Amino acid sequence: MYGEIIPKKEPERQYYFMEKCREKIAELSKELGRPLTASPITFGCQMNARDSEKLAGILEKIGYQLVEGEDADFVIYNTCTVRENANLRVYGRLGVLGGIKKKHPHMLIALCGCMMQEKEVVEKLQKSYRFVDLIFGTHNIYKFAELIYQRLTSGKMVIDVWKDTTRIVEDLPVERKYPFKSGVNIMFGCNNFCSYCIVPYVRGRERSREPKDIIREIERLVADGVVEVMLLGQNVNSYGKNLEQPVTFAQLLQEIEKIEGLERIRFMTSHPKDLSDELIEVMAHSKKICKHMHLPLQSGSSRLLKIMNRHYDKEQYLTLVKKLKDAIPDISLTTDIIVGFPGETEEDFEETLDVVRKVRYDSAFTFIYSKRTGTPAAKMDNQVPEEVVKPRFDRLLKEVQEISREESARLTGQTLPVLVEEINDHDASLVTGRLSNNLLVHFPGTADLIGKIVDVYLAECKGFYYMGEMKK
Ligand code: SAH
Ligand code: SF4
Ligand code: F3S
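Counting restarts for each chain, with residues numbered from 1 along the sequence as it is written. Written order determines the labels here, with chains lettered from A and ligands numbered from 1. At least 70 in pLDDT is required for a residue's local features to be given in this predicted model, at least 80 for side-chain atom pairs to be given and counted, and no such filter applies to totals for whole chains, interfaces and linings, which use all residues. Here the side-chain values reflect all heavy atoms present in the structure, with hydrogen atoms and water set aside.

1. Re helix 11 (residues 314–327)
Reasoning step 1: Elements are defined by DSSP. Helices are runs of H or I of four residues or more, strands are runs of E of two residues or more, and each kind is numbered from the N terminus. Multiplying 1.5 Å by the helix residue count minus one yields the expected span of that helix. Here helix 11 is 14 residues long and its end C-alpha atoms lie 20 Å apart, about the 20 Å a rise of 1.5 Å per residue gives.
Reasoning step 2: Along helix 11, the residues that are buried comprise Lys314, Tyr317, Leu318, Leu320, Val321 and Leu324. Buried residues along helix 11 cover an arc of 155° about the axis, so they all sit on one side. Relative to its buried face, helix 11 has exposed residues pointing more than 90 degrees away, namely Glu315, Lys322 and Asp326.
Reasoning step 3: Contacts: residue pairs with any heavy atoms within 4.5 Å of one another. On the buried face of helix 11, the contacting elements are helix 9 (277–285), strand 12 (292–294), helix 10 (302–307), strand 13 (332–339) and helix 12 (346–359). Exposure classes here rest on a 1.4 Å probe applied to the protein chains alone. A residue is buried below 20% of its type maximum, exposed above 50%, and partly exposed in between. The directions from the helix axis to the C-beta atoms form the arc being described.

Structure (structure tokens):
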């Protein structure tokens, strides 16, 4: 291109394309006589949300003003496909977006994320959603600037979806949603292939980041005002196994703990099969790791857990919970549960209820099993009919909520540290923050407290949150 050399190395190559896009966007903005706006919209989990912050970082760098919602010059949906309803939501909103684009022909629409890793989805978009400008997947979001440039210069729909990757590109721009807390990817992908789950197919094989890259990122975040990090991975307990110099998750946590200025460390998700005694030990002695563990159960039936390919049974799970509670008495436990996995009988379901009653979770995400094409469970011929699943789901929800309400109240009367996050939505004289166990607390306060950790007296529990008073 006119003798210009495009760098081959990353991230330099992307910074080159960010500059090229910047020029193009500036031209467009001049033509329209106003700044251009962009809006990344997240449909999925916390990893998906973190990816959206990376998209936002690049969009901002190339000259877009970030806005929320669909009224923007560049809208990108970062999709999720873990359950069918996540998928349907995307098509629904995309239809509406197509209508908006008819009135604003210069608008750009992009799709990325887990759903784009499915061949049938991309085929359907190509056929019936021709107004989409750019489609890419989970493995090449670092190429976002290069792909936008390709779209701007070709004027055609650009599709770039990779099957898998071994590559991790560091040091790209990121635009955080909160100034004081941030997600940090410690690994990508999943190797577990739980038989109901599509994530390993759309996120590829497990890859851990080098500890030094993670530490450097957190140090920079702290220098930029972050006091709390959430370490992200589909199974953080298997972190570091495939690094050239293997490191355990517990060892990584100990290194992160040393970072001065960092106050709180959270992580998710923990797979019960890989949760080590070493990790429990490190958590019990840590000053910074929040006393909260999200430990997905999925089912309480050992028979189903085997078919789900979870590699633990009911007894092992309960033993693990006992170990955690013995070592960390004030620990808060949360979980994910699936109702209606193929072949689930009333007895299997009762086993799940039994675990719920024994563990007494602080909260639980409950899901109705959703058939995902390509997973082993989708081919099982004993799918449970909706009229059987729905009442079970309602029974579980009721049980979970009752326990959660009781458990949430157990801190009443204590004074505990709260990270203040925002002015209360409903009452501007209050601020809202989070306890170490992730519960919300509302108390009288002002905007200058946002991002600070303060001691709050927990006066009254209102179901799933507290009303409190700040200790001076
Ligand atoms: N890696 C995490 C979970 C990621 S997906 C872990 O293993 O714990 C988040 C949750 O979605 C899962 O824990 C599971 O409860 C739920 N889920 C995954 N696939 C599902 C499906 N096909 N139907 C219903 N729920 C599902
Ligand atoms: Fe899915 Fe299992 Fe991997 Fe979690 S561990 S992402 S449930 S395959
Ligand atoms: Fe959804 Fe992908 Fe997360 S499928 S749950 S956004 S890893």
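2. What to know about the site of ligand 3
Reasoning step 1: A molecule or strand has a residue near it when one of that residue's heavy atoms lies within 4 Å. Every residue near ligand 3 is listed here: Gly44, Cys45, Asn48, Cys80, Thr81, Val82, Cys114, Arg203 and Gln234.
Reasoning step 2: Its residues assigned to classes, the shell around ligand 3 shows four nonpolar, four polar and one charged. Note on residue classes: Ala, Val, Leu, Ile, Met, Phe, Trp, Tyr, Cys and Pro are nonpolar, Asp, Glu, Lys and Arg are charged, and everything else, Gly too, is polar.

3. Re the packing of aromatic side chains
Reasoning step 1: When the centres of two rings from Phe, Tyr and Trp lie within 6.5 Å, Trp using its six-membered ring, the rings pair. Their planes under 30 degrees apart give stacked, over 60 give edge-to-face, and anything left gives tilted. Taken as a whole and assessed by the stated rule, the structure comprises 15 aromatic pairs.
Reasoning step 2: With centroids separated by 5.8 Å and ring planes inclined at 35°, the aromatic side chains of tyrosine 91 and tyrosine 129 adopt a geometry described as tilted. Remark: tyrosine 129 occurs in the loop between helix 4 (119–128) and strand 5 (134–136) and tyrosine 91 occurs in helix 3 (residues 84–103); sequence separation between them is 38 residues. Here tyrosine 91 and tyrosine 129 have matching classes, each one buried.
Reasoning step 3: On the numbers, 5.1 Å between centres and 80° between planes, the contact of phenylalanine 249 with phenylalanine 267 is edge-to-face. Highlighted residues: phenylalanine 249 in helix 8 (residues 249–257) and phenylalanine 267 in strand 11 (residues 264–268), separated in sequence by 18 residues.
Reasoning step 4: An aromatic cluster is present here, built from Tyr64, Phe74, Phe136 and Phe144 joined pairwise through their rings.

4. Examining the UniProt feature "domain: Radical SAM core" (unreviewed entry) in the chain
Reasoning step 1: UniProt positions are given in the numbering used here, feature names are shortened, and annotations may be inferred rather than shown by experiment. According to UniProt, the feature "domain: Radical SAM core" (unreviewed entry) maps to residues 176–406 in the numbering used here.
Reasoning step 2: Here residues 176–406 is 39% helix and 16% strand, with 35 Å between the C-alpha atoms at its ends.

5. Examining unusual backbone geometry
Reasoning step 1: In this model, glutamate 10 is joined to proline 11 through a cis peptide bond whose omega is 5°.
Reasoning step 2: Mapped onto the elements of the fold, proline 11 is located in the segment before helix 1 (12–32).
Reasoning step 3: Geometrically, the link from methionine 268 to threonine 269 is a cis peptide bond, its omega value of 5° lying close to zero.
Reasoning step 4: By the secondary structure assignment, threonine 269 is in the loop between strand 11 and helix 9.

6. Quick notes on helix 3
Owing to its 3.6 residues per turn, the α-helix aligns residues three or four sequence positions apart on the same side.
Reasoning step 1: Taking 1.5 Å as the rise per residue, helix 3 with 20 residues should run 28 Å; its terminal C-alpha atoms sit 30 Å apart, in good agreement.
Reasoning step 2: Looking only at helix 3, the buried set comprises Ala86, Asn87, Val90, Tyr91, Leu94, Leu97, Gly98 and Lys101. All buried residues of helix 3 fall inside an arc of 135° around its axis, so they share one side. With respect to the buried face of helix 3, the exposed residues turned more than 90 degrees away are Asn85, Leu88, Val96 and Lys103.
Reasoning step 3: Looking at the buried residues of helix 3, the elements they touch are strand 3 (74–79), strand 4 (108–113) and helix 4.

7. Points about the environment of leucine 324
Reasoning step 1: Inspection of the secondary structure assignment puts leucine 324 in helix 11.
Reasoning step 2: Between the C-alpha atom of leucine 324 and that of methionine 283, which follows or precedes it by 41 residues, the distance is 9.4 Å.
Reasoning step 3: The residues touching leucine 324, leaving out its near neighbours within four places in the chain, are Leu275, Ile280, Met293, Leu295, Ile331 and Leu333.

8. Focus on the environment of glutamate 70
Reasoning step 1: Positionally, glutamate 70 belongs in the loop between strand 2 (65–66) and strand 3.
Reasoning step 2: When the C-alpha positions of glutamate 70 and isoleucine 100 are compared, they lie 8.7 Å apart, and in sequence the two are 30 residues distant.
Reasoning step 3: Setting aside anything within four residues of it in sequence, one finds glutamate 70 in contact with Ile41, Val75, Tyr77, Arg93, Leu97, Ile100 and Met107.
Reasoning step 4: Polar contacts here mean pairs of N or O atoms no more than 3.5 Å apart (in protein, one a potential hydrogen donor and the other a potential acceptor; neighbouring residues in sequence count only if both atoms are side-chain atoms). One polar contact links glutamate 70 to tyrosine 77, side chain to side chain, over a distance of 2.4 Å.
Reasoning step 5: Within the local environment of glutamate 70, its side chain forms a polar contact with the side chain of arginine 93, the two groups lying 2.9 Å apart.

9. A short note on the pattern of salt bridges
Reasoning step 1: A pair is scored as a salt bridge if a Lys or Arg side-chain nitrogen falls within 4 Å of a carboxyl oxygen belonging to Asp or Glu. Per the counting criterion, the structure on display carries 42 salt bridges.
Reasoning step 2: Residue glutamate 346 pairs with arginine 392 through a salt bridge whose shortest N-O separation is 3.8 Å. Taken together, the residues glutamate 346 in helix 12 and arginine 392 in helix 13 (residues 386–408) connect sequence positions 46 residues apart.
Reasoning step 3: On the accessibility criterion, glutamate 346 (30% relative accessible area) is partly exposed.
Reasoning step 4: The class for arginine 392 is buried, based on a relative accessible area of 7%.
Reasoning step 5: Linking glutamate 402 and lysine 398 is a salt bridge whose minimum nitrogen-to-oxygen distance equals 3.7 Å. Here glutamate 402 pairs with lysine 398, and both are found in helix 13, just four residues apart, close to one helical turn.
Reasoning step 6: The exposure class assigned to glutamate 402 is partly exposed, which follows from its relative accessible area of 37%.
Reasoning step 7: One network of salt bridges, with partners in common, ties together Arg50, Glu53, Glu170, Arg209 and Glu217.

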